[in-house]
Every structure is written in C-alpha cells, then in structure tokens.
Amino acid sequence: MAEIKLDRVSHSYYAKPREHNDFALKEIDHLWLDGGAYALLGPSGCGKTTLLNIISGLQTPSSGRVLFDGIDVTALSPEDRNIAQVFQFPVIYDTMTVTENLQFPLLNRGVDKAETSKRVAEMLETLELTDKAKRKARGLTADEKQKISLGRGLVRYDVNAVLFDEPLTVIDPQMKWQLRTKLKQLHQRFGHTMVYVTHDQTEALTFADAVVVMYEGEVVQIGTPEELFERPEHTFVGYFIGSPGMNILPCDLSKNVAYIAGHKVPLSSAYQLPPNTQRLELGIRPEFIRLTRGSHGIPVQLQSVEDIGRFRIAKVKVADHPVSVLVQQGFDIPASDHRIVFHPDKCGIYVNDRRIQGTTAHNKVSAGAVA
Ligand code: ATP
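Quantities reported herein were computed from a predicted structural model and do not represent experimental measurements.

Turning our attention to the nonpolar core. Formed by 44 residues in total, the largest nonpolar core has its most connected members in M123, I148, L154, F164 and V211. Ranked by residues supplied to this core, first place goes to helix 6 (residues 173–190) with five residues. Beyond its immediate sequence surroundings of up to four residues, L154 is in contact with M123, V162, F164, L183, L186, H192 and M194. In terms of nonpolar packing, the next biggest core, distinct from the first, is built from 28 residues, L267, A314, V323 and V325 among them.

Structure, rendered in structure tokens:
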C-alpha cells in the first residue's frame, strides 16, 4: 500500500492546448493517504477516468508528477507501479475456472503455491464463490464475473493501490448493495489504498471515508459525506449532493442580511464581499426551509407538491426562481398566502460559485476571506 501524491497534475488530450477549457484536468494537487478509501465523484465528462488512468499509469499527464510514497512514478508503466485496476466490465479469462482466474495474478508475480492457495481460498469465501470454484468463468452470470474481477484486484495484498472505475455499473441493484458492503469489508480487512470512481452519489457516500468531488476537470471539494451535505464549498457540490439538491438563489447582501428578490433574509454571520465578486448567491438545502403562511418570511407561489414517502417536496417560486422545500408528513400545507423561512445557520453565501466565510460573534476569521 502506498500514499499517492498528485503534484500539480494537468492533462489535455490536445497536442497543443491553447486555453483553460482545452484541459480535461485542470491543475490538481492531491494526497491520497495510505490505506484510505476514496470515492471520485462527478458528472460524466468531468475527468474522473482521466485522473484514475493517470494514477494507474495508463495515461501520462501533460504536466505535473505522480508520486508513490515520495517516489516519482510519472514515467512508469502500470505494471511497474504495482496497481490493481477493476473496470466497468469484467476483465477475466472465460476459459479458466474461477480458481484459476483468481490464482493468475499471484502465480504471475511468483507468489508460491501454498500462499496462493491460501489467499485464493480466502477470497473465494469472502466473495461467496467457493461453490463455483471449479466452474469455468464462461457460464457464470455478469454479477459473478464482476465478482471475479474484483477478486483478481484484491487478491494481491502487496499492491500500492486498488483503483475501481465504475465497477458496479453492470450489476443489478440488489447485488450492487451487497458488493459495495463486501468492498467495504475487504477494505477494513486488508487496508488497501482504494480509489473508486462513480457518478452515483449513493455509491460514493456509502463506500468512501472521503469523497473527492470533481467538476469540469477540477477538484471542487474533498470531504466526508456529512461535510459535503452540511457545508458545500462550491455550488456544484450543493446541487449534486442531496436529493433534491441545494437551492441556489441570486441575492444581494449587506453585512448579515441577504436580500432575495428584495426580501430580507437574516443570516447568522456577517459577510464582506471580495473585490472580484461577479456572481453572488445564497445556497440553502430544502431540509432547512420551512413552509408557512402569514406575515413572516418570503412570499412565494406554490407550484406543486410531490410525495416521496417519508416526506413531501413542495416546489415554490420566489419571483422567477424555483425553490424546493422539504415538508414533513402530517404538516397541513396552507391553502394560500404561502411563505418560506430560511434557517439562518444553514444559509451559505457563494461568490462566483465558491462559498465565502462570514464572521460571527464567536468567529474571528477575517470577513470576506474566500474559503
Ligand atoms: P464518464 O463518467 O462519462 O466516464 P469522466 O468523468 O470519467 O466521464 P473522462 O472520461 O476522464 O471523464 O473525460 C474527461 C474529458 O476528456 C471529456 O471531455 C472527454 O470527452 C475527454 N476525453 C476523454 N478521453 C479522451 C480521449 N481519448 N481523447 C480526447 N478526449 C478525451
């Protein structure tokens, strides 16, 4: 296992990139701690696979360095980096038995027969494939084949890291959950450094200790699932994590009061805007808005109410801006005069998509510092 450092890594698929947008990966500096379980989360095309392939050595970055335990491996091939990679579709030998498939990476690297048998037996048991050990891979289901792929990646205890590129895409939903739990157990047991690429937030949040969120070739936040929910550092994180995502509303601001379509929203911190402010927005999750009626709060037009089981989502409009509000079951939605009230502690202020830090009586951080 190794600590993996990306030192100012960027990548363009163009031979002569001219502008910022020609880069599939903008400059990335990141440390993947030894034994950490990370998810790389982001929408299609944001650069997840490019980044994973740069770590494994399938891709050489246009600039920057990749270091394993402080040693520069940027020029090394995937074999020389001693990495196991599991792809979206099973990579196994159909004509070999399940056991032979699992043995292959070990015998290939000169692990002795007794040790190989021990590890393969253990992996068969962990993956619940012991009863299929002598079956040819050819006749197995897609789920079972992908389990073998996972096993081939994990059977080598000496790898520097195990990289997963959307490994559960072909697996049916029930089995997905089981395999994810299995992966987590394997991580706890063997302590491999794991990087797991996905565009599915549930998969990322349940697998990883730390989630690395990517957007347009940049890492926009690294955090625990709780941090990403409670304190999105970028409007994209707020919007992408959560269902429905965070509401992001254009606003004006004066110290500790925001104005949305001219209506006052009290905040628990005071803010001073940085000089480069082009876009100013307030972010608040549907969970932290209360739907009410009367004279208190911002007047809204109620558009629709969706029942999604344990709660309902009211879709309202403030002037022309849509807002989602979470409504607990049992709450009687008033027939008219709808208003919304924001929880002051849960409002984030975003300048040019980045969250800025405010000052409270208890918080002496300088106002206006970009977080
Ligand atoms: P997905 O979830 O769809 O796999 P991703 O987040 O893994 O997407 P990448 O596959 O890394 O994203 O692609 C990042 C960007 O680089 C995209 O704009 C993509 O079109 C571009 N790209 C990827 N591979 C190549 C390539 N071989 N040649 C040219 N452009 C590429």
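Once you've had a look at it, read on.
We now examine the site of the ligand. Every residue near the ligand is listed here: Y13, A24, P43, S44, G45, C46, G47, K48, T49, T50 and E166. Within the side chain of T50, an N or O atom sits 2.5 Å from an oxygen atom of the ligand. Compared with its free state, where it exposes 630 Å², the ligand has 53% of that area covered by protein.

Turning our eyes to something else, we now look at the sheet that holds strand 7 (residues 161–165). The strand order across the open sheet built from six strands is 6-7-8-3-9-10, with neighbouring strands paired in mixed fashion. Each edge of the open sheet carries a strand with a single partner, namely strand 6 (83–86) and strand 10 (218–223). Strand-to-strand twist in this sheet, taken as the mean axis angle between neighbours without regard to direction, amounts to 20°. Two strands pair when backbone bridges link them, and strand 3 (residues 37–41) and strand 9 (residues 210–215) are joined in this way by four bridges, in the parallel orientation. In the strand pairing of strand 9, L41 is matched with V213. Relative to strand 6, helix 5 (residues 142–154) is tilted by about 170°, and along the sheet it contacts strand 6, strand 7 and strand 8 (194–198).

Further remarks concern the packing of aromatic side chains. Counting across every chain of the model gives nine aromatic pairs. Considering the side-chain rings of W32 and Y38, the 5.1 Å spacing of their centres and the 90° angle between planes classify their relative orientation as edge-to-face. Here the two residues W32 and Y38 agree in accessibility, since each one is buried. For the pair Y215 and F236, a centre-to-centre distance of 4.3 Å together with 15° between the ring planes defines the contact as stacked. Within this pair, whereas Y215 is found in strand 9, its partner F236 is found in helix 9 (residues 235–240), the two being separated by 21 residues in sequence. The class for F236 is buried, based on a relative accessible area of 7%. Through a chain of ring-to-ring contacts, three or more aromatic side chains come together here, namely Y215, F236, Y239 and F240. If you follow K346 out to its NZ or CZ, it ends over the ring of F288, 4.8 Å from the centre.

Rules used in this analysis
Residues numbered from 1 in each chain as written. Predicted model: local features only at pLDDT ≥ 70, side-chain atom pairs only at ≥ 80, totals over all residues. Heavy atoms only, no water. Core = buried A, V, L, I, M, F, W, Y, C linked by side-chain atoms within 4.5 Å. Buried < 20%, exposed > 50% of the residue type's maximum accessible area, 1.4 Å probe, protein only. Helix = DSSP H or I, 4+ residues; strand = E, 2+ residues; numbered from the N terminus. Contact = heavy atoms within 4.5 Å. Near = heavy atom within 4 Å. Polar contact = N/O pair within 3.5 Å; in protein donor to acceptor, adjacent residues only side chain to side chain. Areas by Shrake-Rupley, 256 points an atom, 1.4 Å probe, with all protein chains shown as cover. Pairing = 2+ DSSP bridges. Axes fitted to C-alpha atoms, helices over the stretch in contact; angles between N-to-C directions. Phe/Tyr/Trp six-rings, centres within 6.5 Å; stacked < 30°, edge-to-face > 60°. Lys NZ or Arg CZ within 6 Å of the ring centre and 35° of its normal.

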